[in-house]
Amino acid sequence: MHDLSTSSLTAWPWLALFAMPWLVAAGGAWLAYRYARRLRQMATHRDALRRELADAAAGDPAAPGVLSREAFAERLNEVADRADRAGGQFSLLYLDLDGFGAVNDAVGHRRGDEFLREVATRIRRQVDGPVCRIAGDEFAMIVEGDAAQAREVARRLPACMAPPADGPLAGRLAGTALSCSIGIAHYPEHGGRSLLLANAVLAMRSVKLAGGGDFADYEPQMGRDAREEMALLADLRVALERGQLSLFYQPKVDARTLQITAAEALLRWDHPERGMVGPARFIPLAERHGLIGALGGWALEQACRQAAAWREQGLRMRVAVNLSAHQLRQDAMVDGLVDSLKRHGIPPGRFTVEITESVAMEDTRITRDAFDRLRQAGLHVSIDDFGTGYSSLASLRRLPAAELKIDRAFVCDLETSHDARTICEAIVHMAHTIGLRVVAEGVETAGQRDLLVAIGCDELQGYLFARPMSAQALAQWAAMDDAPEAPEFSPSLFDPTRPTDL
Ligand code: C2E
Ligand code: MG
Ligand code: MG
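The following paragraphs examine the structure supplied in this document. Note that this is a predicted model, so its numbers are computed, not measured. (Residues numbered from 1 in each chain as written. Chains lettered and ligands numbered in written order. Predicted model: local features only at pLDDT ≥ 70, side-chain atom pairs only at ≥ 80, totals over all residues. Heavy atoms only, no water.)

## Description of the overall build of the protein
Here comes step 1: Counting secondary structure elements, the protein contains 19 helices and 15 strands.
Here comes step 2: Taking all 502 residues of the protein together, the buried fraction comes to 46%.
Here comes step 3: Look at the contacts in the protein between residues 6 or more apart in sequence, and 68% of them connect residues 24 or more apart.
Here comes step 4: Surface exposure of the protein reaches about 25000 Å², of which carbon and sulfur atoms provide 55%. (Helix = DSSP H or I, 4+ residues; strand = E, 2+ residues; numbered from the N terminus. Buried < 20%, exposed > 50% of the residue type's maximum accessible area, 1.4 Å probe, protein only. Contact = heavy atoms within 4.5 Å. Areas by Shrake-Rupley, 256 points an atom, 1.4 Å probe, with all protein chains shown as cover.)

Next up, the structure:
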């Protein structure tokens, strides 16, 4: 025992001498490992900081957390890398506010921007992933997870467009119903990272085409629709100068005497390859792409010229034109119309402008101003497609309207639906109470005509009497003042595919 302890004591320095280099090496390796780990942590931290700094510098400064396009593209790559590595999914959502121009018109561009920043902040709160303000009122965002999760977010987003409850914008935007259109592209099935954004935009555009205020997943057909739309737009840009547009006129007749009281001008586009393209197809296109000013202005001038020509021929009927929401927002539109009427010697009271109920009831500064100018000019205002917007008597009373047109949907159901009949009776009663004349549009059968006369409608319009026709055809018909139901005028003077002159 003693020997052993003596020998171990004498062996210790040797052992220590032998182990020392190993201990030093192990310690060094451990220190090196810790140092490398620290370096890696620092690098990660530095990269995150750099990214945050870059995002802050490149993002939208007034909407915290909302990225610039460059920063968003980087994030998209990172999310796609992660999805590729782990076999995950994500979706890219592209959102565009519907009709944001109306807000700018109502509150001015500075306040409009303020509102958009508020919208950006609200969107940021609704979406966990990166959000980018692509431009103006367009946003892109990434939602990690499956398609159902993306649709769930898309369902929540429209609430972000609500006008603020308080602050300077609250009062001025109250009553403005704002919606948005959202396109969704899922990764990877709707394209690689370079195509994903473009496909989400296509899906958003197709939502817009269908009237907006909704969301849709990308479908390959949407690319074809967009190309078709672009081709039609290119043709529309030259349609005016090539003389392909014309105005057709559809008479309104007195419900009791059946004599013509007015003629409504309806735009027609005789496309060289497609045949007749209806205004429901090309007017929204013109509105979306800034052509409505030229098109609408041409229609107004043309209608004034025609009204003057008919007056020359001794035909004393009103001429009516339709005004779209975009036209109503153009500052110079009413002045231009008044000027045109003056040049052609038409008393403004003999000229009708038809404005749909949904547009007329938009209680924004711009619509109020436009109605004030129409009132001052003494124009005859008609509220078109009435009945679908649930307007109150009070809101109707504040408009300078003289006429109200019952929407075709009610007229169409009149013979079969008790509700449609009750609604028509209520509209006529309400309109007469505040001194408005009532026109029923879309009258197609003798049964509808009889019911409308019994209800007390003042004027009727529809295929039963005449389809929209050329100015020349209408003049010939009007000259035969006792024959609105003669076989040659009913049911049709207008071939659905090509215009025909008498
Ligand atoms: P709107 O002003 O409500 O015009 C009535 C639409 O119903 C016209 O369609 C007319 O052809 C159609 N219609 C008339 N009677 C009947 C009928 O008995 N049965 C059926 N099924 N339809 C009938 P159109 O010409 O295709 O015009 C569609 C819309 O396009 C118009 O609706 C109007 O809002 C707009 N529009 C037409 N011309 C112009 C224009 O010059 N400027 C603007 N801004 N909008 C226009
Ligand atoms: Mg109309
Ligand atoms: Mg109508």
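Now, onward.
## Things to note about the coordination of the magnesium ion (ligand 3)
Here comes step 1: Only Asp 384 (OD), Asp 385 (OD), Glu 441 (OE) and Glu 441 (OE) from the protein coordinate the magnesium ion (ligand 3), and they sit 2.1 to 2.6 Å from it.
Here comes step 2: Between the magnesium ion (ligand 3) and the magnesium ion (ligand 2), a spacing of 4.0 Å is present, and a bridge between the two is formed by Asp 384. Here the residue Asp 384 occupies a position in strand S12 (residues 380-386), and Glu 441 occupies one in the loop between strand S14 (437-440) and helix H18 (446-455), the gap between them amounting to 57 residues.
Here comes step 3: Judged by relative accessible area, Asp 384 falls into the buried class, the value being 6%.
Here comes step 4: What makes Glu 441 buried here is its relative accessible area of 12%. (Donors = N, O, S within 2.8 Å, 3.2 Å for Na, K, Ca; no water.)

## So, the nonpolar core
Here comes step 1: Trp 310, Ile 355 and Leu 396 are the most contacted members of the largest nonpolar core, which totals 86 residues.
Here comes step 2: At nine residues, the largest contribution of residues to this core is made by helix H10 (residues 292-312).
Here comes step 3: In this structure Leu 396 touches Met 361, Ile 383, Phe 386, Leu 404, Met 430, Ile 434 and Leu 436, once residues within four positions along its chain are discounted.
Here comes step 4: Formed by 31 residues, the second largest nonpolar core is a distinct cluster that contains Val 66, Val 153, Cys 160 and Cys 180. (Core = buried A, V, L, I, M, F, W, Y, C linked by side-chain atoms within 4.5 Å.)

## Here's the deal with the pairing of strand S2 (residues 90-97)
Here comes step 1: Most of S2 is tucked away, with eight of its eight residues classed as buried.
Here comes step 2: Burial along S2 is two-sided: the residues Phe 90, Leu 92, Tyr 94 and Asp 96 and Ser 91, Leu 93, Leu 95 and Leu 97 are all buried.
Here comes step 3: In this sheet, strand S4 (residues 138-144) lies alongside S2 in antiparallel orientation, the contact comprising seven bridges. Across the sheet, residue Phe 90 finds its bridge partner in S4, namely Glu 144. (Pairing = 2+ DSSP bridges.)

## Considering the coordination of the magnesium ion (ligand 2)
Here comes step 1: Distances from the magnesium ion (ligand 2) to its protein donors, Glu 264 (OE), Asn 322 (OD1), Glu 354 (OE) and Asp 384 (OD), fall at 2.1 to 2.2 Å.
Here comes step 2: Counting gaps between the donor residues of the magnesium ion (ligand 2) yields the pattern E-x57-N-x31-E-x29-D.
Here comes step 3: Using a relative accessible area of 30% as the deciding quantity, one classes Asn 322 as partly exposed.
Here comes step 4: A residue is classified by how much of its surface remains accessible, and Glu 354, at 1% relative accessible area, is buried.

## Regarding unusual backbone geometry
Here comes step 1: With an omega of 5°, the peptide bond running from Tyr 187 to Pro 188 counts as cis.
Here comes step 2: With respect to the element layout, Pro 188 can be found in the loop between strand S5 (180-187) and helix H7 (193-209).
Here comes step 3: Located in the positive-phi region is Asp 385, a residue other than glycine, with phi close to 50°.
Here comes step 4: Here Asp 385 shows up in strand S12.
Here comes step 5: The exposure class of Asp 385 is partly exposed, given its relative accessible area of 26%.

## A short note on the sheet that holds S2
Here comes step 1: One open sheet holds the six strands; their spatial order is S1-S3-S4-S2-S5-S6, and the pairing between them is mixed. On the outer flanks of this sheet lie strand S1 (66-67) and strand S6 (215-217), each paired with one strand and no other.
Here comes step 2: Examined bridge by bridge, strand S3 (residues 131-135) and S4 share four bridges and lie antiparallel to one another. In the sheet register, Val 131 faces S4, and the bridge partner there is Met 141.
Here comes step 3: Of the strands in this sheet, S1, S2, S3, S4 and S5 touch helix H2 (residues 69-86), which is tilted by about 20° from S4. (Axes fitted to C-alpha atoms, helices over the stretch in contact; angles between N-to-C directions.)

## Digging into the site of ligand 1
Here comes step 1: Inspection of the region around ligand 1 gives 22 residues, with Arg 268, Asn 322, Arg 408, Glu 444 and Tyr 463 positioned closest.
Here comes step 2: Arg 268 places a polar side-chain atom, nitrogen or oxygen, 2.9 Å from an oxygen atom of ligand 1.
Here comes step 3: In this structure, Asp 385 approaches ligand 1 through a side-chain N or O atom, which is 3.1 Å from an oxygen atom.
Here comes step 4: Listed by contribution, the elements that provide at least two residues to the shell around ligand 1 are strand S8 (260-271), helix H9 (279-288), strand S10 (318-323) and S12.
Here comes step 5: For the shell around ligand 1, a count of residues per class yields nine nonpolar, six polar and seven charged. (Near = heavy atom within 4 Å. Polar contact = N/O pair within 3.5 Å; in protein donor to acceptor, adjacent residues only side chain to side chain. Nonpolar A, V, L, I, M, F, W, Y, C, P; charged D, E, K, R; others polar.)

## Some details on the environment of Asp 339
Here comes step 1: In this structure, Asp 339 sits in helix H12 (residues 333-343).
Here comes step 2: Sequence separation of Asp 339 and Glu 301 is 38 residues, and the distance between their C-alpha atoms is 9.6 Å.

## What about the pattern of salt bridges?
Here comes step 1: Within this structure, the stated rule accounts for 24 salt bridges.
Here comes step 2: A salt bridge links Glu 144 to Arg 82; the shortest N-O distance between them is 3.0 Å. Here Arg 82 lies in helix H2 and Glu 144 lies in strand S4, a separation of 62 residues in the sequence.
Here comes step 3: Judged by relative accessible area, Glu 144 falls into the partly exposed class, the value being 43%.
Here comes step 4: Its relative accessible area of 40% is what places Arg 82 among the partly exposed residues.
Here comes step 5: Each of Lys 252, Glu 264, Glu 354, Glu 403, Lys 405 and Glu 441 takes part in one network of salt bridges that share partners. (Salt bridge = Lys/Arg side-chain N within 4 Å of Asp/Glu carboxyl O.)

## Details of helix H8 (residues 221-239)
Here comes step 1: For H8, which comprises 19 residues, the first-to-last C-alpha distance of 27 Å matches the rise-based estimate of 27 Å (1.5 Å per residue) to within 8%.
Here comes step 2: Restricting attention to buried positions, one finds in H8 the residues Met 222, Gly 223, Ala 226, Glu 229, Leu 232, Leu 233, Leu 236 and Ala 239.
Here comes step 3: For H8, the secondary structure elements touched by its buried residues are H7, S6, strand S7 (245-254), S8, H9 and H10. (Expected span 1.5 Å × (residues − 1).)

## Section: the packing of aromatic side chains
Here comes step 1: This model, assessed by the stated rule, comprises four aromatic pairs.
Here comes step 2: Taking 5.7 Å as the distance between ring centres and 85° as the angle between the ring planes, the aromatic pair formed by Trp 269 and Phe 282 counts as edge-to-face. Note that Trp 269 is positioned in strand S8 and Phe 282 in helix H9, a separation of 13 residues in sequence.
Here comes step 3: Residue Trp 269 is classed as buried on the basis of its relative accessible area of 0%. (Phe/Tyr/Trp six-rings, centres within 6.5 Å; stacked < 30°, edge-to-face > 60°.)

## Describing empty space enclosed by the protein
Here comes step 1: This model, assessed by the stated rule, comprises one cavity of 30 Å³ or more.
Here comes step 2: The space that makes up the largest cavity amounts to roughly 60 Å³.
Here comes step 3: Top contributing element to the lining of the largest cavity by residue count: H10, with three residues. (1 Å grid on protein atoms, 1.4 Å probe; cavity = no way out; pocket = protein on both sides within 12 Å on 5 of 7 lines; lining within 4 Å. Points joined across faces, edges and corners; volume = space filled by probe spheres on them.)

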